[in-house]
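Residue-level structure breakdown
Single-letter residue listing:
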Number of protein chains: 2
Amino acid sequence: MLIDAYGETGAKVLTTAETLFAEYGYAGVSLRRITAEAGVNLAAVNYHYSDKQSLYTEILAYRLRQLSSVRLDRLAEAEARTGGGTVPLAEIVDILAQPFLQPDESILPTFGPASRRLLGRALIEPLGFLAPVLAADFQPAVARCGQALRRHLPALPPADFLWRYSFVVGALHHAAAALHDMKTLTTGLCANEDSAAALRNFRRFAVAALTSDESR
Amino acid sequence: MLIDAYGETGAKVLTTAETLFAEYGYAGVSLRRITAEAGVNLAAVNYHYSDKQSLYTEILAYRLRQLSSVRLDRLAEAEARTGGGTVPLAEIVDILAQPFLQPDESILPTFGPASRRLLGRALIEPLGFLAPVLAADFQPAVARCGQALRRHLPALPPADFLWRYSFVVGALHHAAAALHDMKTLTTGLCANEDSAAALRNFRRFAVAALTSDESR
DNA sequence: ATACGTTTCAAACATCTGTTTACTATGTTG
DNA sequence: CAACATAGTAAACAGATGTTTGAAACGTAT
């Protein structure tokens, strides 16, 4: 169940819609398909969420808030631990990646593969109408992690740092969206949904990419 | 003009469709919008390209073939130059990235920002019906570059190498799709469409990420 | 000039889209 | 029991969708 503040019907719509949106994108899914697959009446979407855009926005905002909340909590805790000092670079990378690729079941119990794919997709091809949601519920946490990273690369020109950081974030989003068919992408050598391997490799990858050749 | 084997009408459809598909995705663009924006009759799409799927597939396949052709040519030339030996890692990265991020005007004169975005988008969220096109016109060149890279990382377990390589490719695709609004993504610090900066930073980024810590 | 293949066009086609309406069921509160 | 808000439903709505049709316009070669 996605958000248990809704009744059975509303919740079934949410989980079904999240899966379908993650798979086929916003424009690629019709309300008739969502409601049919969820086994509820067509009008249920408009009754509970007023319209299609609001349904999509609500799902996405909910997931983004979950992700950002965990990231900001962990970052705040790490900064408190170091007395406002410098959080280790590898830890910042983990704060960015772990809640996305392998969310802690005890903290985000409903954040599954579909949520990951939905976010990966929405973050890569943002629809105009959800720019406010991204600005409010996603970018702040990414920016704060970026600031924490910046302390490790003071000699890097600002623009170069941002390019590098955007590559790291881009690779992460791509990994989140691609995790579900790594098997075909690698002709069977990597397993699907192996989030542990994804996280382990991404950590090494991002740390190496960020720490290299700081001065240039 | 995209493919000059078509008449004026067909060519206008192609360029307009490429731009719109790149911006709004396959399902997000209607044939009426394409034809209206191109200033041609609605039926022109079905007359010249039989249906919407074929139009999209044709555009994408054409761009993928351009990209793969340049990559394979450059790789073959580099391998010939080294006598079948090992092509420098930095050069392989450049072979992957440069035709994508900053294609040579003299070789790919029509491969512009819209083409880049279209590919970045299509590669990130592949629609089912274009899997054959990707398998035929894209993955071979990526796989060959991967093989060339592999020689530089012989100690890395196969799965770890593939993870790392997929992160690099993912970052590249993401960069290709994001290049057009880096300005907003970086609150003005990076310019839009600055493909030179993107390429320069990506080279350093990918080389560092790939060469680090080979043995683990 | 006439015939012919190609291209373009307006109009219609059937289907699918998101959304709204009016109605029924349900469970809760006075 | 009556009143009521909430939840769910079938049917219809207006408009958009991809696609097809049949005729008109065009250029070219006979």
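Residues numbered from 1 in each chain as written. Chains lettered and ligands numbered in written order. Predicted model: local features only at pLDDT ≥ 70, side-chain atom pairs only at ≥ 80, totals over all residues. Heavy atoms only, no water.

Scanning chain A for helices and strands turns up 11 helices and 0 strands. Mapped from its N terminus to its C terminus, chain A presents α and β elements in the order α-α-α-α-α-α-α-α-α-α-α. A globule of 216 residues ought to have a C-alpha radius of gyration of about 17 Å, and chain A, at 19 Å, matches this closely. Projecting the C-alpha coordinates of chain A onto the three principal axes gives extents of approximately 60 × 40 × 35 Å. (Helix = DSSP H or I, 4+ residues; strand = E, 2+ residues; numbered from the N terminus. Rg over C-alpha atoms; globule rule 2.2 N^0.38 Å.)

In the superposition of chain B on chain A (RMSD 0.1 Å, axial shift 0.0 Å), the rotation amounts to 180°. On the angle and the small slide along the axis, the relation comes out as a two-fold axis. Interface overlap between copies is the fraction of interface residues in one copy that are interface residues in the other; for chain B against chain A it reaches 100%, indicating a shared surface. (Least-squares fit on C-alpha atoms with pLDDT ≥ 70 in both. Contact = heavy atoms within 4.5 Å.)

Right, let's talk about the protein's contact with DNA strand C for a bit. Neighbouring DNA strand C are 15 residues, the closest being Leu31(A), Arg32(A), Lys52(A), Thr9(B) and His48(B). Taking the atoms of DNA strand C that fall within 4 Å of the protein, sugar and phosphate contribute 47% of them. For DNA strand C, a phosphate oxygen lies 2.9 Å from a polar atom in the side chain of His48(B). Elements represented by at least two residues in the surface near DNA strand C include exactly helix H2 (31–38) and helix H3 (43–49) of chain A together with helix H3 (43–49) of chain B. (Near = heavy atom within 4 Å. Polar contact = N/O pair within 3.5 Å; in protein donor to acceptor, adjacent residues only side chain to side chain.)

Residues and elements named next belong to chain A. Along its sequence, chain A is carved into domain 1 (1–50) and domain 2 (63–211). The straight-line distance from the C-alpha centre of domain 1 to that of domain 2 is 27 Å. If you look at the interface, domain 1 gives 10 residues, while domain 2 gives 9 residues. Buried area between domain 1 and domain 2, summed over both chains or domains, comes out near 820 Å², and the portion from carbon and sulfur atoms is 57%. Contact with domain 2 buries area across many residues of domain 1, yet Glu18, Ala22 and Tyr26 alone supply 56% of it, more than any other trio. There are 2 salt bridges connecting domain 1 and domain 2. (Domains from an automatic or database assignment. Buried area = accessible area lost by both parts, 1.4 Å probe. Salt bridge = Lys/Arg side-chain N within 4 Å of Asp/Glu carboxyl O.)

In a soluble, globular protein the nonpolar side chains are often hidden away together inside. Residues Phe202(A) and Phe202(B) are the most contacted members of the largest nonpolar core, which totals 144 residues. Those residues within four positions of Phe202(A) in sequence are excluded, and the remaining contacts are Val93(A), Ala97(A), Leu101(A), Val168(A), Ala171(A), Leu172(A) and Phe167(B). (Core = buried A, V, L, I, M, F, W, Y, C linked by side-chain atoms within 4.5 Å. Buried < 20%, exposed > 50% of the residue type's maximum accessible area, 1.4 Å probe, protein only.)

A separate point is the pattern of salt bridges. Side chains that differ in charge, positive against negative, can pair when their charged atoms come close. Residue and element names in this part refer to chain A. A full pass over the atoms with the stated rule returns 22 salt bridges over all chains. For the salt bridge of glutamate 79 with arginine 144, the shortest nitrogen-to-oxygen distance reads 2.9 Å. Pair noted here: glutamate 79 is in helix H4 (residues 52–81) and arginine 144 is in helix H8 (residues 139–150), with a separation of 65 residues, a long-range link. We classify arginine 144 as partly exposed; its relative accessible area is 32%. Linking arginine 203 and aspartate 94 is a salt bridge whose minimum nitrogen-to-oxygen distance equals 2.3 Å. Within this pair, whereas arginine 203 is found in helix H11 (residues 195–211), its partner aspartate 94 is found in helix H5 (residues 89–101), the two being separated by 109 residues in sequence. Using a relative accessible area of 12% as the deciding quantity, one classes aspartate 94 as buried. Among the charged side chains, a network of salt bridges with common partners joins Arg74, Asp94 and Arg203.

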